[in-house]
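# Coordinates in review
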Amino acid sequence: MRLLRPAVTVPIALVLVLAALGTVAALLAGRAAGTARDALGDTGPALAGVALPEDGSAGPPTVALSPSAAGAPRGAEIRDLVQRQVDARNAGDFAGWVATSSATSVAAVSQAQFADRNRTVRVGSVILRRIDPVGGGEYVVPTGWITTQDPAAAPPDVPAARLCWQVSLTIVTERGQLKIVDPSAGSSLRTPCG
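Residues numbered from 1 in each chain as written. Predicted model: local features only at pLDDT ≥ 70, side-chain atom pairs only at ≥ 80, totals over all residues. Heavy atoms only, no water.

To continue, consider the side chain of Gln83. Following the sequence through the fold, Gln83 ends up in helix α3 (residues 75-91). Owing to a relative accessible area of 11%, Gln83 belongs among the buried residues under this scheme. Within polar-contact distance, the side chain of Gln83 engages the backbone nitrogen of Val63 at 2.7 Å. The residues contacting Gln83, other than those within four sequence positions of it, are Pro61, Thr62 and Val63. (Helix = DSSP H or I, 4+ residues; strand = E, 2+ residues; numbered from the N terminus. Buried < 20%, exposed > 50% of the residue type's maximum accessible area, 1.4 Å probe, protein only. Polar contact = N/O pair within 3.5 Å; in protein donor to acceptor, adjacent residues only side chain to side chain. Contact = heavy atoms within 4.5 Å.)

Shown next, in the form of structure tokens:
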């Protein structure tokens, strides 16, 4: 009968309640992380559907489509647009970048800024996860890619030689042609990826 005394049962009950709460919290945290990954894509070092290159590079510069993006009506056209912009960035080709960019993006970035921004950057392992039409010839395209760069040229909050990016691109139609809007603040996540 001594085990039923409050001095013994209360601590045991508290331990059991805390253990149960810990289990519930872990389950809910895992569920929330899964929901975030589904919404944004994998935000960890290895991009969903892309193996992290072991040689420390950004990986191949070829833009890939997920099965979902490949099934989109304008999937091939949007892939080609993004490919031309990746090629322009990797080559430091300002005219090529201008040809793929929206008028507002071009107005906001000078040739000198473009050259400085892309001086040491190499873009690779690009994957277009989805292509979501939002009306009026506009699309939102969740993407992932890897960059390598001189750490001094990386974003100041993540001065790393290699970054994994999750970027929500906006693609608009201007004069009948698809153009990429330079990603705005808050539309991308980036983490060092070894």
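The rest of the description comes next.
A disulfide bridge is the covalent bond that connects two cysteines by way of their sulfur atoms. One pass over the structure, following the stated rule, counts 1 disulfide. Here Cys164 engages in a disulfide with Cys193; their sulfurs sit 2.5 Å apart. As the torsion about the S-S bond is roughly 100°, the Cys164-Cys193 disulfide counts as right-handed. In this pair, Cys164 sits in strand β5 (residues 162-174) while Cys193 sits in the segment after β7 (188-192), placing the two residues 29 residues apart along the sequence. With relative accessibility at 2%, the residue Cys164 sits in the buried group. (Disulfide = S-S within 2.5 Å.)

The subject of this paragraph is the environment of Gly71. Within the secondary structure, Gly71 is located in the loop between α2 (67-70) and α3. Sequence separation between Gly71 and Ile131 is 60 residues; the distance between their C-alpha atoms is 8.9 Å.

What follows covers the pairing of strand β6 (residues 177-181). One ladder, built from 5 bridges, connects β5 with β6; its direction is antiparallel. Residue Ile171 lies in a different strand from β6, and its bridge partner there is Ile180. In textbook terms, the turn of a hairpin is the stretch between consecutive antiparallel strands, and for β5 and β6 this stretch comprises 2 residues, one of which, Arg175, has a positive phi near 50°. (Pairing = 2+ DSSP bridges.)

Time to look at the pairing of strand β3 (residues 132-135). Bridge count for β3 against strand β4 (residues 138-148) is 3 bridges, and the pairing is antiparallel. Bridge assignment links Pro133 to a residue of β4, and that residue is Tyr139. In this antiparallel pair of consecutive strands, β3 and β4, the connection spans 2 residues, and Gly136 shows a positive phi of 65°.

This part covers unusual backbone geometry. The backbone of Ser125 sits at a positive phi, close to 50°, despite the residue not being glycine. Here Ser125 lies in strand β2 (residues 122-128). With a phi angle near 50°, Arg175 is a residue other than glycine that sits in the positive phi range. Position of Arg175 among the secondary structure elements: in the loop between β5 and β6.

On to the packing of aromatic side chains, then. Per the counting criterion, the structure on display carries 3 aromatic pairs. Ring geometry for Trp97 versus Phe114: centroids 5.5 Å apart, planes at 35°, classification tilted. With Trp97 in helix α4 (residues 94-100) and Phe114 in helix α6 (residues 111-118), the pair connects residues that are 17 residues apart, well separated along the chain. Taken as a pair, Trp97 and Phe114 share a single burial class, namely buried. Members of the aromatic cluster, each reached through a chain of ring pairs, are Phe94, Trp97 and Phe114. (Phe/Tyr/Trp six-rings, centres within 6.5 Å; stacked < 30°, edge-to-face > 60°.)

A separate point is the pattern of salt bridges. Within the structure shown, the criterion is met by 5 salt bridges. A salt bridge links Arg130 to Asp132; its shortest N-O distance comes to 3.1 Å. Overall, Arg130 belongs to the partly exposed group, its relative accessible area being 31%. With its nearest N and O atoms 2.7 Å apart, the salt bridge here joins Arg190 to Asp157. Here Arg190, found in strand β7, pairs with Asp157, found in the loop between β4 and β5; they are 33 residues apart in sequence, far enough to count as distant. On the basis of relative accessibility, which here comes to 54%, the residue Asp157 falls in the exposed class. (Salt bridge = Lys/Arg side-chain N within 4 Å of Asp/Glu carboxyl O.)

Purely geometric numbers; function is a separate question.
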